[in-house]
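# Report on the structure
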Amino acid sequence: MTENPAATDGVAETLRERINTNQPHTARIWNYWLGGKDNYDVDRAAGDQIRALHPGIGEYARADRLFLGRAVRHLVGEAGIRQFLDIGTGLPTADNTHEVAQRLAPESRIVYVDNDPLVLAHARALLTSTPEGRTDYLDEDLRNVGTILEHAAKTLDLSRPVALVLLGVVIFIGDDEDPYGLVRRLMDALPAGSHLVLSHTITSPAMPDVDEAVRFWNEHGTPKLTQRTPEAVTRFFDGLELLDPGVVSCSRWRPEPADGPEPEEVAMFGGVARKN
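To start, this report covers the structure provided alongside it. All values reported here derive from a predicted model rather than from experimental measurement.

In this section: the environment of Gly260. Relative to the helices and strands, Gly260 resides in the loop between strand S7 (248–249) and strand S8 (268–274). Its relative accessible area of 33% is what places Gly260 among the partly exposed residues. As for Gly260 and Thr222, which are separated by 38 residues in sequence, their C-alpha atoms are 32 Å apart.

Structure follows, in structure tokens:
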């Protein structure tokens with residue numbers, strides 16, 4: 001199902017050597033908030049401190065994950081998408097992109113991209129696929145658009161629609177690094193009918209404790225975060241056709257009864273848009 005060397009024992013061991021267990025890391029803290037086991041004492045301590053500053057932070061992780069599932073189900077079931085480029089996928093948990101997509105359309109193809117060594121050390125958990133489809137993995141940074149597209153083309157047919165998934169990853173691109181240009185370059189390489197799925201932590205006067213939690217993180221954790229207003233997040237969708245209900249709290253993007261009760265508003269906003 002894959003030819004990516006990230007699944008080999010030697011590469012996995014090398015990746016483990018890159019893991020810094022003395023400094024909290026956002027992917028591992030996210031995993032902790034989601035109830036996962038792929039985290040360390042330093043991550044749990046930081047996660048608890050952040051949660052003390054902003055008690056609702058754990059709901060963001062859950063809301064973002066539910067948003068992913070709803071977006072993928074819409075794209076496969078309603079938009080006919082069969083290819084996904086998921087950048088910044090994070091640590092594997094329940095209902096990863098390939099699992100949701102291939103449950104509905106077994107022939108779906110997914111390329112995951114991340115540059116976190118712990119994520120890559122767990123690549124075997126992600127590198128699974130139905131016999132009809134394919135799943136691949138790339139150790140790369142979002143900033144390296146050309147390399148990502150070159151590798152993705154080995155698994156995906158970039159002449160046919162692709163869903164670009166950027167959940168909680170553009171927050172790691174500073175304003176001085178042309179975050180909008182990075183997203184635009186990725187979408188420019190995809191044909192009409194492709195979609196962008198993006199979520200982003202927001203800053204809002206109504207949620208001052210979020211800003212305090214982010215300040216704490218940027219002092220103690222890695223990588224650093226850049227918050228943006230809802231209006232600034234919406235700019236990532238410029239030139240695309242935003243699907244209803246637009247860019248909103250992830251908990252309010254087409255909620256489904258099966259998801260159970262969700263908070264009315266979280267500081268993680270998301271949207272889905274189509275390239276015409």
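Okay, back to it.
Attention now moves to helix H10 (residues 208–220). For H10, which comprises 13 residues, the first-to-last C-alpha distance of 19 Å matches the rise-based estimate of 18 Å (1.5 Å per residue) to within 8%. Restricting attention to buried positions, one finds in H10 the residues Val210, Asp211, Ala213, Val214, Phe216 and Trp217.

Inspection of the secondary structure puts His74 in helix H4 (residues 57–77). When residues no more than four places from it in sequence are discounted, the contact partners of His74 are Ala79, Leu243 and Arg254.

A word on the packing of aromatic side chains. Centre-to-centre distance and the angle between the planes together describe a pair of aromatic rings. Per the stated rule, a full pass over the model turns up three aromatic pairs. Between the aromatic rings of Phe67 and Trp253, the centroid separation amounts to 5.6 Å while the plane-to-plane angle is 80°, which identifies the pairing as edge-to-face. Highlighted residues: Phe67 in helix H4 and Trp253 in the loop between S7 and S8, separated in sequence by 186 residues. The ring of Tyr180 carries the charged tip of Arg235 above its face, separated from the ring centre by 3.8 Å.

Here we come to the pairing of strand S1 (residues 83–87). The element S1 is largely enclosed, with a buried count of five among its five residues. Of the two faces of S1, the one lined by Gln83, Leu85 and Ile87 and the one lined by Phe84 and Asp86 are each fully buried. Two strands pair when backbone bridges link them, and S1 and strand S4 (residues 163–167) are joined in this way by three bridges, in the parallel orientation. If you follow Leu85 over to S4, its bridge partner there is Leu164.

So, how was this worked out
Residues numbered from 1 in each chain as written. Predicted model: local features only at pLDDT ≥ 70, side-chain atom pairs only at ≥ 80, totals over all residues. Heavy atoms only, no water. Helix = DSSP H or I, 4+ residues; strand = E, 2+ residues; numbered from the N terminus. Buried < 20%, exposed > 50% of the residue type's maximum accessible area, 1.4 Å probe, protein only. Expected span 1.5 Å × (residues − 1). Contact = heavy atoms within 4.5 Å. Phe/Tyr/Trp six-rings, centres within 6.5 Å; stacked < 30°, edge-to-face > 60°. Lys NZ or Arg CZ within 6 Å of the ring centre and 35° of its normal. Pairing = 2+ DSSP bridges.

That is the geometry; function is a separate question.
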